[in-house]
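Residue strings, one per chain:
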Amino acid sequence: MWQVIGQTRAVSLLQRSLETGSFAHAYLFIGPAHVGKMTLAINLAQALNCETAERPCGECASCQKIALAKHADVQIVGLGYGGDSAEANSRVEISIDQIRQLQHSASLPPFEGKYKVFIIDGAELLSIEAANCLLKTLEEPVGKVVFILLTTNGRLLPETVISRCQRVELLPLAVTEVETALNRSWGIKPQKAELLARLSHGCLGWAVSAALDERLLQQRAERLDELLEMVRTDCDERFAYAAQLATQFSQKRGLVQERLDLWLAWWRDLLLVKAGSGGEITNVDRLATLIDMVKGYSLAQIRTFINSVLVAGEELRQNANPRLVLEVLMLNIPVVEGYSEEHAIARAEVKNG
Ligand SMILES: [Zn+2]
């Protein structure tokens, strides 16, 4: 019983390889954040160690231990794993020491199960030394050991590592699939299920987290308000905001990328509303604001700004100067005639006392 929802292609590929005994000794699961990579990896670890014929059954002692992260032969390596020490918390990449420990453990036979399974979460964060060290293990596979590398971006991994793994792509689910799953499996009411499904962009894991933790929706609302404020504000404040984001970027890249994604979804919604396809939008709870805002822009302005957000994201990924990239992005926010003028006058009056 595979627990991952959707992902039928990936599941049937793994199921087939289990049935024929032809599974790889290393897999690379590629897909966006929260799409189900870890769930599928845990399921595969269960299937490899399951004690019944219906692998993974989800109910035998082995399957249950793995689900509770208490199985001695299934280990997860990544930034958020490996203790609460200050050193562990301050890591920005998966270190060579973590991979050496893993290799030592891989050299010992399974302790209680049939296979040792090592899941490397965020494999794109392997340091160069760590990736090279891991490569040696992948090149000389030992029996009864399976590696599962999870990544949101395969392009950030060395080609030598990728070529040693069987690639398994996980694609976002259809919005209706997420909606149905939230409703049926988690008992979320239809209206909320629809909102979460759309905001999740097909990544069920995010939708479930947001259903269980109100703070995620709250946070999204605050961040969206912040971004919308930048449309209405003057250059000084936009630059201050760019500087603030650039500082965050140096500490936690993901936070800035999340904002760009939020921004992108918002402007895509504006494009859809402008083009008369409002039924497809992501931010369904803000339709009135979208309708109001879209009046101030032309289709070309919206398209150009969407492109600016995409360019900024790509430049940040390529390690361009974050402050510069974000300042340019802030300057590229298209001018709303009327609204911003009125706002600028009000603001000038406040400033002049
Ligand atoms: Zn089982």
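Now for a look at the structure at hand. Note that the coordinates shown come from a computational prediction; the quantities given were computed from them, not determined experimentally.

**Some thoughts on the overall build of the protein**
The helix and strand tally for the protein stands at 17 helices and 5 strands. For the protein, the C-alpha atoms occupy an extent of roughly 75 × 45 × 35 Å along the three principal directions. Per-residue burial for the protein yields a buried fraction of 44% across its 353 residues. A sequence separation of at least 24 residues applies to 69% of the contacts in the protein between residues at least 6 apart. Approximately 18400 Å² of the protein is accessible, and the part contributed by carbon and sulfur atoms is 54%. Of the side chains in the protein, 36 bear a positive and 42 a negative charge, and the two mean positions are spaced by 4 Å.

**Looking at the packing of helix H12 (residues 235–251) against helix H13 (residues 253–274)**
Relative to each other, H12 and H13 sit at 135 degrees, their axes nearing to 5 Å. Of the possible angle classes, the one that applies to H12 and H13 is oblique. Of the residues in H13, those in contact with Tyr 241, Leu 245, Gln 248, Phe 249 and Gln 251 of H12 are Arg 253, Leu 255, Val 256 and Arg 259. Here the residues of the contact of H12 with H13 sort into 5 nonpolar, 2 polar and 2 charged.

**Some words on the pairing of strand S1 (residues 26–30)**
Here S1 lies mainly inside the structure; 5 of its 5 residues are buried. Here S1 shows no split at all, with Ala 26, Leu 28 and Ile 30 on one side and Tyr 27 and Phe 29 on the other all buried. With 5 bridges joining them, S1 and strand S4 (residues 145–151) adopt parallel strand pairing. When the sheet's bridge partners are listed, Tyr 27 is paired in S4 with Ile 148. The pairing of S1 with strand S5 (residues 166–169) spans 4 bridges and is parallel. The partner of Ile 30 across the bridge, within S5, is Glu 169.

**Concerning the coordination of the zinc ion**
With distances of 2.3 Å, the protein atoms coordinating the zinc ion are Cys 50 (SG), Cys 57 (SG), Cys 60 (SG) and Cys 63 (SG). Geometry at the zinc ion is tetrahedral, judged from its 4 donor atoms and the angles of 104 to 117 degrees they form at the metal. When the donors of the zinc ion are listed by position in the chain, the intervening gaps give C-x6-C-x2-C-x2-C. With relative accessibility at 14%, the residue Cys 57 sits in the buried group.

**A look at helix H8 (residues 175–186)**
Each α-helix turn comprises 3.6 residues. Residues three or four places apart therefore point the same way. Here H8 spans 16 Å end to end across 12 residues, near enough to the 16 Å set by a 1.5 Å rise per residue. Every buried residue belonging to H8 is among Val 178, Ala 181 and Leu 182, and all of these are buried. Looking down the long axis of H8, one finds its buried residues gathered within 100 degrees of arc, a one-sided arrangement. H8 presents Thr 176 and Arg 184 as exposed residues on the side facing more than 90 degrees away from its buried surface. Its buried side turned inward, H8 meets helix H9 (190–200) and helix H10 (204–212).

**Comments concerning unusual backbone geometry**
The peptide bond linking Arg 55 to Pro 56 adopts the cis configuration, its omega dihedral lying at -10 degrees. For Pro 56, the location among the structural elements is in the loop between helix H2 (37–49) and helix H3 (61–67). One non-glycine residue with positive phi stands out, namely Lys 144, at about 65 degrees. Secondary-structure assignment places Lys 144 in the loop between helix H6 (128–139) and S4. With phi around 65 degrees, Asn 319 is a residue other than glycine that occupies positive phi space. With respect to the helices and strands, Asn 319 occurs in the loop between helix H15 (299–317) and helix H16 (322–331). On the basis of relative accessibility, which here comes to 54%, the residue Asn 319 falls in the exposed class.

What counts, and at which threshold
- Residues numbered from 1 in each chain as written.
- Predicted model: local features only at pLDDT ≥ 70, side-chain atom pairs only at ≥ 80, totals over all residues.
- Heavy atoms only, no water.
- Helix = DSSP H or I, 4+ residues; strand = E, 2+ residues; numbered from the N terminus.
- Buried < 20%, exposed > 50% of the residue type's maximum accessible area, 1.4 Å probe, protein only.
- Contact = heavy atoms within 4.5 Å.
- Areas by Shrake-Rupley, 256 points an atom, 1.4 Å probe, with all protein chains shown as cover.
- Lys, Arg positive; Asp, Glu negative; His and termini not counted.
- Charge placed at Lys NZ, Arg CZ, Asp CG, Glu CD.
- Axes fitted to C-alpha atoms, helices over the stretch in contact; angles between N-to-C directions.
- Parallel < 35°, antiparallel > 145°, perpendicular 65-115°, else oblique.
- Nonpolar A, V, L, I, M, F, W, Y, C, P; charged D, E, K, R; others polar.
- Pairing = 2+ DSSP bridges.
- Donors = N, O, S within 2.8 Å, 3.2 Å for Na, K, Ca; no water.
- Tetrahedral: all angles 85-135°; square planar, octahedral: opposite > 155°, others 65-115°.
- Expected span 1.5 Å × (residues − 1).
- Arc of directions from axis to C-beta.

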